[in-house]
Amino acid sequence: VIGVKFVHVKLAGQYFSEGDRAVLLPRQQDCGDPDVQHWAWWAKGIQAPESVQNTSADYWMSCQGQDLQLCFCEAPQCTEAWRFGQSVGASATDSSILPPSVKEQCSKMVEKINTNEVAPSKTGKNHGWGSWARVGDKLFGLPWQVNPVIVLDLNTAKLSTLPTASELKHLDYDLVGLSPSSAVVNECIYSPPFKLGADYMLIVNTTSGKVSTLNHRLYLDGKHIYSAIAAVGTTLYVFPKAGFTQLLSIDVGSAAAYFDQIAIDQELDGCVWPSQESRSWSAAMWYDVAVVDGSLFASPWDAECMLIFHTSNRTFEGIDTTQVARGAAKWSRLLEIRGSIYAAPSNAYYAGSAPSRDILAVDIAQKKARGISVGKCHVGNEWTSMGSHGGYIYILPSRPTNILVLDLQTETTFCFQAGDILGGGGHHFMDTVVANDKLYALPDQEGAILVLDLNIEVTQATENATVATQH
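Parameters at a glance
- Residues numbered from 1 in each chain as written.
- Predicted model: local features only at pLDDT ≥ 70, side-chain atom pairs only at ≥ 80, totals over all residues.
- Heavy atoms only, no water.
- Patch = residues over 30% accessible without salt bridge, like charges linked within 9 Å, V, L, I, M, F, W, Y side chains within 5 Å.
- Areas by Shrake-Rupley, 256 points an atom, 1.4 Å probe, with all protein chains shown as cover.
- Salt bridge = Lys/Arg side-chain N within 4 Å of Asp/Glu carboxyl O.
- Lys, Arg positive; Asp, Glu negative; His and termini not counted.
- Charge placed at Lys NZ, Arg CZ, Asp CG, Glu CD.
- Helix = DSSP H or I, 4+ residues; strand = E, 2+ residues; numbered from the N terminus.
- Pairing = 2+ DSSP bridges.
- Axes fitted to C-alpha atoms, helices over the stretch in contact; angles between N-to-C directions.
- Disulfide = S-S within 2.5 Å.
- Buried < 20%, exposed > 50% of the residue type's maximum accessible area, 1.4 Å probe, protein only.
- pLDDT = per-residue confidence, 0-100.
- Contact = heavy atoms within 4.5 Å.

The protein carries the name Amine oxidase in an unreviewed UniProt entry, which gives Durusdinium trenchii as its organism.

Residues Asp265, Glu267, Asp269 and Asp320 make up a contiguous surface patch of negative charge. Counting through the fold element by element, Asp265 comes out in the loop between strand S19 (258-263) and strand S20 (286-292).

Glancing now at the sheet that holds S19. Here four strands make up an open sheet; going across it, the order is S16-S17-S18-S19 and the pairing antiparallel. Strands at the two margins of the open sheet, each flanked by one partner only, are strand S16 (226-232) and S19. The average angle at which neighbouring strand axes cross in this sheet is 25°, direction not considered.

Scanning all chains against the criterion turns up three disulfides. Two residues share a disulfide in this structure: Cys31 and Cys71, whose sulfurs sit 1.8 Å from each other. Note on the Cys31 and Cys71 pair: the S-S dihedral is about -70°, so by sign convention the disulfide is left-handed. Of this pair, Cys31 sits in the loop between strand S2 (21-26) and helix H1 (39-42) while Cys71 sits in strand S5 (residues 68-73), and the two are 40 residues apart along the sequence. Given a relative accessible area of 0%, Cys71 falls into the buried group. Each sulfur of the disulfide joining Cys271 and Cys305 lies 1.6 Å from the other. One disulfide, between Cys271 and Cys305, carries an S-S torsion of 120° and so falls in the right-handed class. Here Cys305 lies in strand S22 (residues 305-310) and Cys271 lies in the loop between S19 and S20, a separation of 34 residues in the sequence.

In this model, the protein carries a mean pLDDT of 82, and residues with pLDDT of at least 70 account for 81%. When the elements of the protein are averaged for pLDDT, strand S36 (residues 465-469) gives the smallest value, 35, and strand S12 (residues 183-185) the largest, 98. A low-confidence stretch, residues 458-471 stays under pLDDT 50, and its non-local contacts, those more than four residues away or across chains, total 59 contacts.

Following the sequence through the fold, Thr321 ends up in the loop between strand S23 (315-320) and strand S24 (331-337). On the accessibility criterion, Thr321 (0% relative accessible area) is buried. Once residues lying within four places of it in the same chain are set aside, the contact partners of Thr321 are Pro300, Glu304, Cys305, Met306, Trp331, Leu360 and Ala369.

Encoded structure:
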């Protein structure tokens with residue numbers, strides 16, 4: 001059973017089909033009423049069945065923390081309010097789909113921490129942050145656009161900022177040119193340049209609270225740009241964005257940083273040149289890096305392989321991913337769990353190619369890639385952040401209003417409409433961290449950090465439906 005602010009509803013009857021739909025409405029509202037108040041808003045929560053048999057169907061519904069009922073529509077044409085005329089639970093002793101015990105817990109599952117209160121927008125729109133970095137009991141949000149660094153205390157939930165205005169250039173589209181990636185060495189956070197014109201690496205000293213930049217006339221010159229960064233010991237490894245075949249290493253363990261370039265093996269198929277469909281400003285070979293036992297695994301954004309760099313002997317390997325998907329903007333964030341690396345599926349919104357249909361999963365020992373279907377979430381998918389907890393991976397959206405959840409035991413996915421907890425921004429989140437049994441989603445255009453409590457468990461049964469929320 002799975003849930004992040006969602007309930008599992010199992011319906012029993014006859015002649016269920018894939019075309020059926022269900023929606024949650026307030027108890028005081030009649031199912032099938034053609035004049036449902038705020039129908040356009042409630043309709044965002046219409047759900048297709050996750051699994052269907054002739055005599056039963058399983059639905060995962062958004063938990064609103066209200067007194068709700070489930071209204072059912074038998075296929076076809078389940079889009080208008082009047083079609084949802086069957087009320088589930090009407091003859092049950094307790095007909096509420098969300099009884100008080102569940103409603104009380106649901107209201108505690110979701111929290112939003114407003115970023116505009118500490119970093120107000122000067123342009124009338126919400127500015128974004130690119131990556132989280134955790135140091136001790138604090139999360140640091142590194143700026144993606146013109147913004148200060150935000151600092152979230154995990155113990156008190158207090159939000160503060162570290163100013164960056166004097167350090168960062170204002171490039172076009174309100175961008176400051178930094179990568180949506182960061183790494184930590186000795187309680188200092190580093191984020192490399194991502195956009196042409198950014199001739200610095202941002203440094204956040206979390207002990208002193210000082211924000212500064214690192215420059216180099218050859219490697220940090222506004223022309224050499226990078227997409228991902230990771231740290232092993234006191235050495236930073238920075239992956240080229242596109243057009244360069246050198247991995248940059250920077251030893252920051254002493255007073256003066258030591259720079260070195262490592263040539264990427266030109267014989268690795270798919271690891272040297274980007275996809276032919278890579279043709280926009282978002283072009284990048286790799287998006288994120290996972291560190292496993294001193295080796296670096298880079299997620300293929302425009303590259304046609306997962307690149308591996310072994311820091312112990314400075315050698316490269318490549319894992320072919322073309323049997324799972326080809327093209328541009330394929331996969332974004334990485335997580336290493338139980339001997340496998342998982343990459344969140346994105347799509348080529350900027351590059352114009354078809355979206356990736358699968359989560360990328362790579363067996364580290366066997367060096368083999370496979371795909372895990374996103375199921376009903378394949379329309380409009382673009383996920384750029386994820387975290388894991390309790391045997392599940394939670395994948396947060398950039399553009400869609402779906403949250404994608406992967407059950408690691410069965411490798412099945414669930415897709416949830418989450419428009420009720422998302423703002424109106426076109427891009428929702430950029431990065432996710434799980435800490436202290438809570439998920440923290442870093443906003444791009446949301447205007448608030450989304451916090452989901454992953455450690456709540458409630459179970460309730462009624463005569464007509466089984467309702468459960470569980471971490």
